[in-house]
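# Topology and contacts: notes
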Amino acid sequence: MRPKRRNRLIIIVFLFAGAGISVALVLVALNENLNVFYPPDQVVGGGAPVDTQIRAGGMVLDGSVARRADGLDVAFVLTDYQGAEFTVYYRGILPDLFREGQGILVQGQLGSDGVFQASQVLAKHDENYMPPELAGMSPDKRTARNLLNYDR
Amino acid sequence: MGIKQLWHRLGSPRWFFEMSRRWPLIFGGLALLLLLTGTLWGLAFAPADYQQGNSFRIMYIHVPTSLVAQSAYIVMGVAGFMLLVWRMKLADMVLSAIVPFGLSMTALSLFTGAVWGRPTWGAWWVWDARTTSMLVLLFLYFGLYALRQAIPRQETAGRACAVLALVGTINIPIIKYSVDWWLTLHQPASFTLTEAPSMPMIMWMPLLVNVLGVYCLFGANLLGRLRLEILKREHSTQWVQEVVTSGRL
């Protein structure tokens, strides 16, 4: 390789490495702020701010969904199946994928009493697709961890 | 033909133009065939999903367009690198030829994502790491387009675009690993060649066909535009004038 080209190559490699390292540092510094939601253990353990707009996420605990007969009010518990649980209140229409055992994101405010008042409910789904006849099983705890990216 | 010889020939737009005469048509035909098959198969014949019902089918458009939008950017990064180090004319032409295709695929990926997100997530748009980094990719494509328009001198414009393309490739691993590094609403990858498919074959095959189809479309589009770009930039040379007057395009 001619010296001129080698010099250009070196400059470009340095430019690229410099840009890459700066981006990596920014991402590492932002780290947890880049998460789109607070997982249950942070909501319960005080890692999530109180009385501000945040998003929290978890799996809908089996048997925890309670609806008021005369309205759209609904209450349910989000869990990580590892001991951290919190209650969510919501008034409105739930997404089609909302069901027990489903990964759910809620946007709203966490009260100082540990109860989450949601203004929006979003459903998360995983990358496993299958026809209905293959899907006799409800999501197990392994998929629960996948949904919340707990095994990362 | 040895690697070294190929390398030197790539420096000659004329050689490339003559060699690639049939390629756009071949790739285009393949793309049409594969995309028609895959899309029909996926949208009409593959079974519905147990959870999402029919709305999961938008994956057959969303996944291939997202993949090829990123691959196109990587090709631009490589071309940018070659332009900066070896000052290869063809690399600059590749840089400008890819932008419209990459831009449209990224836009299509974001659009189908929104259409898919509305019924499944419950929102058109959520600012999570995956969606945001994909939006950054769209802006990078816009930036490359604008940068070339903004600099009148071709050589300078090419180098500026090369630097932007090269530095922008840093975003590609961020898009890919965003769903692993951070908590996101977006699910992990539906289509990888390194792991067992996350769905039964009957759902996966149409996806594979469409992925291959969209890559053929990329090939056809890139080569067609590249040939056009060669004619435009070399228009004053004798061989281009001969090609044009003889009608042997």
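Coordinates for the structure precede this section.
### Let's talk about unusual backbone geometry
You will see that Tyr81(A), though not glycine, has its phi angle at about 60°, which is positive. Note that Tyr81(A) resides in the loop between β3 (73-79) and β4 (85-91). Judged by relative accessible area, Tyr81(A) falls into the partly exposed class, the value being 26%. Phi at Arg87(B) is positive, roughly 55°, even though this residue is not glycine. Structurally, Arg87(B) is set in the loop between α4 (59-86) and α5 (89-120). For Arg87(B), a relative accessible area of 33% puts it in the partly exposed group.

### A few points about the pairing of β4(A)
All names here are of chain A. Where burial is concerned, the two faces of β4 differ: the one with Phe86, Val88 and Tyr90 is buried and the one with Glu85, Thr87, Tyr89 and Arg91 is not. Bridge analysis of β3 against β4 gives 7 bridges, and the strand direction is antiparallel. Bridge pairing links Asp73 to Arg91 in β4. Remark: 5 residues form the turn of the hairpin made by β3 and β4, two consecutive strands paired antiparallel; Tyr81 in that turn has positive phi of roughly 60°. The pairing of β4 with strand β6 (residues 116-124) spans 3 bridges and is classified as parallel. Looking across to β6, one finds that Tyr90 is bridged to Ala118.

### A word on the packing of helix α1 (residues 3-30) of chain A against α4(B)
The description of two packed helices rests on the angle between their axes and on the distance between the axes. Two elements in contact, α1(A) and α4(B), have axes whose closest approach is 8 Å; the angle formed by their N-to-C orientations is 140°. Between α1(A) and α4(B), the angle falls in the class oblique. Here Arg5(A), Arg8(A), Leu9(A) and Ile12(A) of α1(A) come into contact with α4(B), specifically with Phe81(B), Leu84(B), Val85(B) and Trp86(B). For the contact of α1(A) with α4(B), the class distribution of residues is 6 nonpolar, no polar and 2 charged.

### Some thoughts on the layout of surface pockets
Residue and element names in this part refer to chain B. If you add up the space inside the second largest pocket, you get close to 330 Å³. Around the second largest pocket, the lining comprises 17 residues; the ones closest to its centre are Phe16, Val75, Val94, Leu222 and Leu226. Looking at the lining of the second largest pocket, the elements that each hand over two or more residues are α3 (23-45), α4, α5 and α9 (201-233). Looking at which element gives the most residues to the lining of the second largest pocket, the answer is α9, with 5 residues. Class assignment of the residues belonging to the lining of the second largest pocket gives a composition of 16 nonpolar, 1 polar and no charged.

Reading the values: rules and limits
- Residues numbered from 1 in each chain as written.
- Chains lettered and ligands numbered in written order.
- Predicted model: local features only at pLDDT ≥ 70, side-chain atom pairs only at ≥ 80, totals over all residues.
- Heavy atoms only, no water.
- Helix = DSSP H or I, 4+ residues; strand = E, 2+ residues; numbered from the N terminus.
- Buried < 20%, exposed > 50% of the residue type's maximum accessible area, 1.4 Å probe, protein only.
- Pairing = 2+ DSSP bridges.
- Axes fitted to C-alpha atoms, helices over the stretch in contact; angles between N-to-C directions.
- Parallel < 35°, antiparallel > 145°, perpendicular 65-115°, else oblique.
- Contact = heavy atoms within 4.5 Å.
- Nonpolar A, V, L, I, M, F, W, Y, C, P; charged D, E, K, R; others polar.
- 1 Å grid on protein atoms, 1.4 Å probe; cavity = no way out; pocket = protein on both sides within 12 Å on 5 of 7 lines; lining within 4 Å.
- Points joined across faces, edges and corners; volume = space filled by probe spheres on them.

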